[in-house]
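Reading the structure
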Amino acid sequence: MPTNHKRFELSILGCSGGPISSRTCAYLLKPANISYSEIILSVAEERGARKPLLAIDAGAGLTSILELILEGDSKNPKDNFIISIYDDHQSQYEEFNFYQNTGNLEVSYPFACVGSKSSVSLAPLEASWKIINSITAYLITHSHLDHLSGLVINSPSFKDSKDVYGLPQTMNTIRSSLFNGHVWPDLISEGLINLHEISPYIDEHSMCDFYNVECFPVAHGDIQNGRLLSSAFLITDKSTQDSIIIFGDLESDCSSSKDYNRKIWELISPLVLKDKLNTIMIECSTIDKPPPLYGHMTPTSLIRELLALRKYCFDKKFLQKTISHSAESVVYIQSAFQPLKAMNVIITHVKEVPAAVNPRTLIFRQLNDLNCKYALGINFTIALPGLSYIL
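Anyway, here's the lowdown on the structure attached to this text. (Residues numbered from 1 in each chain as written. Predicted model: local features only at pLDDT ≥ 70, side-chain atom pairs only at ≥ 80, totals over all residues. Heavy atoms only, no water.)

Taken as a whole, this structure holds 13 aromatic pairs when the rule is applied. Ring geometry for tyrosine 99 and phenylalanine 364: centres 6.2 Å apart, planes at 45°, overall tilted. Remark: phenylalanine 364 occurs in helix 13 (residues 359-373) and tyrosine 99 occurs in the loop between helix 5 (91-94) and strand 4 (106-108); sequence separation between them is 265 residues. Grouping residues by exposure puts tyrosine 99 and phenylalanine 364 together as buried. (Phe/Tyr/Trp six-rings, centres within 6.5 Å; stacked < 30°, edge-to-face > 60°. Helix = DSSP H or I, 4+ residues; strand = E, 2+ residues; numbered from the N terminus. Buried < 20%, exposed > 50% of the residue type's maximum accessible area, 1.4 Å probe, protein only.)

What follows covers the side chain of threonine 236. Relative to the helices and strands, threonine 236 resides in strand 10 (residues 226-237). Among the polar contacts listed, one links the side chain of threonine 236 to the side chain of serine 243, at a separation of 2.7 Å. Non-local contacts of threonine 236, meaning those with residues more than four positions away in its chain, are made with Phe210, Tyr211, Asn212, Gln241, Asp242 and Ser243. (Polar contact = N/O pair within 3.5 Å; in protein donor to acceptor, adjacent residues only side chain to side chain. Contact = heavy atoms within 4.5 Å.)

Moving on, we come to the sheet that holds strand 9 (residues 211-223). If you walk across this open sheet you meet the 7 strands as 8-9-10-11-12-13-14, and the pairing is mixed. The open sheet has two edge strands with one neighbour each: strand 8 (205-207) and strand 14 (379-382). The sheet shows a mean angle of 25° between the axes of neighbouring strands, taken without regard to direction. On top of the sheet, helix 10 (residues 260-273) reaches strand 9, strand 10, strand 11 (243-247) and strand 12 (277-283); it is set at about 155° to strand 9, its chief contact. Each of strand 12, strand 13 (344-348) and strand 14 touches helix 11 (residues 299-317); the most contacted strand, strand 12, lies at about 150° to it. (Pairing = 2+ DSSP bridges. Axes fitted to C-alpha atoms, helices over the stretch in contact; angles between N-to-C directions.)

What follows is about the nonpolar core. It is characteristic of soluble globular proteins that their nonpolar side chains tend to be buried jointly. Core analysis: the largest hydrophobic core is formed by 78 residues, its most contacted members being Ile235 and Ile280. Not counting chain neighbours up to four residues away, the residues in contact with isoleucine 280 comprise Ile245, Phe247, Trp265, Leu306, Leu309, Met343, Asn344, Val345 and Ile346. Among the nonpolar cores identified, the runner-up in size contains 34 residues, and Ala26, Ile131, Ile140 and Leu195 belong to it. (Core = buried A, V, L, I, M, F, W, Y, C linked by side-chain atoms within 4.5 Å.)

Written as structure tokens, this is what we have:
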């Protein structure tokens, strides 16, 4: 059963699927035992932890960090951006803790220790600037603007070159369509942006002194010349071999008629069985609805994928390469062995809608109903901006 080893701190700068043009998908990842104040004061470097901060996607950035620092010590859950844009009359649903399953993770506020009222004593913009410049690398899941705009707009704040990693398709699009001298200055030719292609399944890149990263393609809808690829990053702590997997936008294998997700579930199932992976961060954009889904997930399609992961864990555990039962079989539901029990599944990319009830409420209900139906035992959490998850 997955347990919380407290290796990672995953900070949410943005997690919305739009169409609101702020707080879109952007996350920071660092060791849980190194604080942001240590990072910006270079204490981490003195401890031999050279720039231990990764950015996964960049739909948000400097502005989100600055606003979170400015919030200071006013830790009123109702001030959370995603909660506050909906009608707070839905009080039994719209409370901060409603979306957080803390059974196998801890929740904290990432920048409470770096504002002007803290021991760091930096002006908010200066502290935000230092955090951005402490990012060792950007891992970009795919080339859509809600995952990239912060990298572009924040680039004038970079005092040193930034390494950007992703699939070849993603890097080619960034090169040709963003930093091309027309949409934005060609910072690639100027050496401020360094693009690195990661070959899926075979390349393992060393990120700073802490992490190795592998990249896996996933399907994210059709484009004119084929299929748009997004990706999932498996990030592994070098010292402990504990891992976390973070997905960009994706669709189910049933929707894409591909087996991208199946390959990932097969690859990570041994990590689940060894208690080396306790968190999956993945999208669920909307409630269940008829197609087209435009390359996204709903609660039913996401649960179907997690049932496939459970089945691979069973196959590995009991050395069955092929089993006649479907992933939804009562054989798995009634088993005392539940490999995903207490697995953290953190939901991102919920699309905002002009309604009184936060769509996260409806998605959360559907996911937990299906979670019970299939006896998965998963701990679902809906990501909210301005929070850190200790994993």
